[in-house]
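Below are the chains, spelled out letter by letter.
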Amino acid sequence: MVASWPEPIVSVQALSQAGISTVPSRYVKPAHQRPVVYNSDQSGLDMEVPVLDMSDIWRKPEGLRRVRNACEEWGFFQVVNHGVDHMLMESVRGAWREFFDLPVEVKRKYANSPDTYEGYGSRIGVVKDAKLDWSDYFFLNYLPSSIRNPSKWPSQPPKISWSTINQYTYYINIKNILFHRCRELIEEYGEEVRKLCERLVETLSESLGLEPNHLMKAFGGEDKVGANLRANFYPKCPQPHLTLGLSSHSDPGGITIVLPDEKVAGLQVRRGDCWVTIKSVPNALIVNIGDQVQILSNGIYKSVEHQVVVNSGMDRVSLALFYNPRSDIPIGPVKELLTEDQPALYKPIRFDEYRLLIRQKGPSGKNQVDSLLAST
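The structure presented is a predicted model; accordingly, all values stated were derived computationally and were not measured. (Residues numbered from 1 in each chain as written. Predicted model: local features only at pLDDT ≥ 70, side-chain atom pairs only at ≥ 80, totals over all residues. Heavy atoms only, no water.)

This part covers the overall build of the protein. When you go through the protein residue by residue, the secondary structure sums to eleven helices and 14 strands. Among the 376 residues that make up the protein, the fraction classed as buried is 52%. Put simply, the protein shows about 17200 Å² of open surface, and 51% of that area lies on carbon and sulfur atoms. (Helix = DSSP H or I, 4+ residues; strand = E, 2+ residues; numbered from the N terminus. Buried < 20%, exposed > 50% of the residue type's maximum accessible area, 1.4 Å probe, protein only. Areas by Shrake-Rupley, 256 points an atom, 1.4 Å probe, with all protein chains shown as cover.)

See below:
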């Protein structure tokens, strides 16, 4: 693995704050990769990803059918009544926003390198002279716990925003707001989302007609799965029509849980020839299928391309948790889903090998998972 970046890292947030009026050339995408601006009469604007209520789909046949339809048709859905505390969601999102508001010299103490990606950074991929995305991020290893490196976790305590404290939750939550440090918030949020991921993997398994624990076994078991957290910061951009906050890609792992910025939209999902901007539902989390579930399901479920657009008026913060199979076992189509008419579409590969490809090349649409097609 490459131990250093091919060029000096530049904070995109620092560029934005400097008041530049044009986007530097290394962030300007080729014309065919730039954001699409739809006219008001184009149907792509009217489509929305499904919204599922976890209390309605958990082990319920009709709910499982809705899950299957969302995974087959969209590869994305929003989930409500998911069990993750809403106040915790708000607190962890606020803590990351405050981290990115710190002086750049403080953030650089956590600077990452391409060997693990863990820490504060501004690029994905090590191809020299590559076109870069208009974003900064902070990447953390979360599971298994043996790979955590708490020294890489920010310890800056969140500030108190008294105007945002709901009067009805003040007496219950004020102690948590006062005394939680960023590391504690990360661990608490990660633990609640981990539990949600376990329920979702079980739900996906049942929706495929498999035993509830089948996909989790294919992942390597609950105590062997991997998980990473990435906090994303998309600064204001003087020419948002020329660049992207995150280039088109499908996620390499199992499933991804996104805590969106409820005030600023930006995540887009490919739907045929259109890009659909996800309209965040209050207190919802966004779930998307990763390449490993597409492989395990033999293409029944799709890891759909998505990208992030930026804007000239507002910064945007989001937090993604990537829930992944054990890294050192081959991942291939589940044999119970194969038939004579539907043989295995994908060649097995270990997740650590697969993930290395995107870390070297950066986001590249669906090229990565398509390269595993058995016919290629």
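It is worth spelling out the packing of aromatic side chains at this point. Tallied over the entire structure, the rule returns 13 aromatic pairs. Between the aromatic rings of W5 and Y117, the centroid separation amounts to 5.4 Å while the plane-to-plane angle is 85 degrees, which identifies the pairing as edge-to-face. Residue W5 is located in the segment before α1 (12-17), and its partner Y117 is located in the loop between α5 (104-107) and β3 (119-121); the two are separated by 112 residues in the primary sequence. Seen from their ring centres, F99 and Y110 are 6.0 Å apart, and the 70 degrees between their planes marks the pair as edge-to-face. A residue pair is termed long-range when its members are at least 10 positions apart, and F99 in helix α4 (residues 86-100) and Y110 in the loop between α5 and β3 qualify at eleven residues. Assigned by exposure class, F99 and Y110 land together as buried. Among the aromatic residues, ring-to-ring pairing joins W96, F99, F100, Y110, Y120, F138 and F233 into one connected group. Across the ring face of Y142, the terminal group of R148 is positioned such that the distance to the ring centre comes to 4.0 Å. Lying over the aromatic face of W58, R199 brings its terminal NZ or CZ to 4.7 Å of the ring centre. (Phe/Tyr/Trp six-rings, centres within 6.5 Å; stacked < 30°, edge-to-face > 60°. Lys NZ or Arg CZ within 6 Å of the ring centre and 35° of its normal.)

Each regular strand carries side chains that alternate between the two faces of the sheet. Among the nine residues of strand β12 (residues 316-324), nine are classified as buried, and the element is accordingly described as predominantly covered. As paired elements, strand β7 (residues 255-259) and β12 share five bridges and run antiparallel to each other. Bridge pairing in β12 links I255 to Y323. (Pairing = 2+ DSSP bridges.)

Moving on, we come to the environment of V126. Considering the arrangement of structural elements, one finds V126 in the loop between β3 and β4 (136-143). Since its relative accessible area comes to 17%, V126 is described here as buried. Distance in space between the C-alpha atoms of V126 and Q360 is 5.2 Å, their sequence separation being 234 residues.

Residues other than glycine predominantly adopt negative phi, and peptide bonds predominantly adopt the trans conformation. Look at the link from L143 to P144: it is a cis peptide, with omega at -10 degrees. Counting through the fold element by element, P144 comes out in the loop between β4 and α6 (170-179). One non-glycine residue with positive phi stands out, namely N298, at about 60 degrees. The topology assignment puts N298 in the loop between α9 (291-296) and β11 (306-308).

Once that is clear, we can look at the sheet that holds β3. Spatial ordering of the open sheet is given by β1-β2-β10-β7-β12-β5-β4-β3, a layout of eight strands whose pairing is mixed. Both edges of this open sheet fall to β1 (51-53) and β3, since each of them pairs with a single strand only. Strand-to-strand twist of the sheet, defined as the mean angle between neighbouring strand axes without regard to direction, takes the value 25 degrees. (Axes fitted to C-alpha atoms, helices over the stretch in contact; angles between N-to-C directions.)

Another aspect to go through is the packing of α4 against helix α7 (residues 182-207). Helices that pack against each other are described as a pair by the angle of their axes relative to one another and the distance between those axes. Viewed as axis vectors pointing N to C, α4 and α7 meet at an angle of 135 degrees, and their least axial separation amounts to 10 Å. Regarding the angle of α4 to α7, the classification is oblique. Here α4 runs over α7; the crossing is left-handed. Touching L88, M89, S91, V92, A95 and W96 of α4 are C182, L185, I186, E188, Y189 and E192, all from α7. (Parallel < 35°, antiparallel > 145°, perpendicular 65-115°, else oblique. Left-handed = near helix turned anticlockwise from the far one by under 90°. Contact = heavy atoms within 4.5 Å.)

Further remarks concern the pattern of salt bridges. As enumerated under the stated definition, the model contains 16 salt bridges in all. Taking the shortest distance from any N to any O, the salt bridge between K279 and E48 comes out at 3.7 Å. Taken together, the positions of K279 in the loop between β9 (274-277) and β10 (285-289) and E48 in the loop between α1 and β1 put the pair 231 residues apart, joining distant regions of the chain. A salt bridge links R326 to D328, with the shortest nitrogen-to-oxygen separation between them at 2.6 Å. The exposure class assigned to R326 is partly exposed, which follows from its relative accessible area of 28%. Here D328 falls in the partly exposed class, since its relative accessible area comes to 41%. Shared partners join several salt bridges into a network, and the residues in it are E7, R26 and R123. (Salt bridge = Lys/Arg side-chain N within 4 Å of Asp/Glu carboxyl O.)

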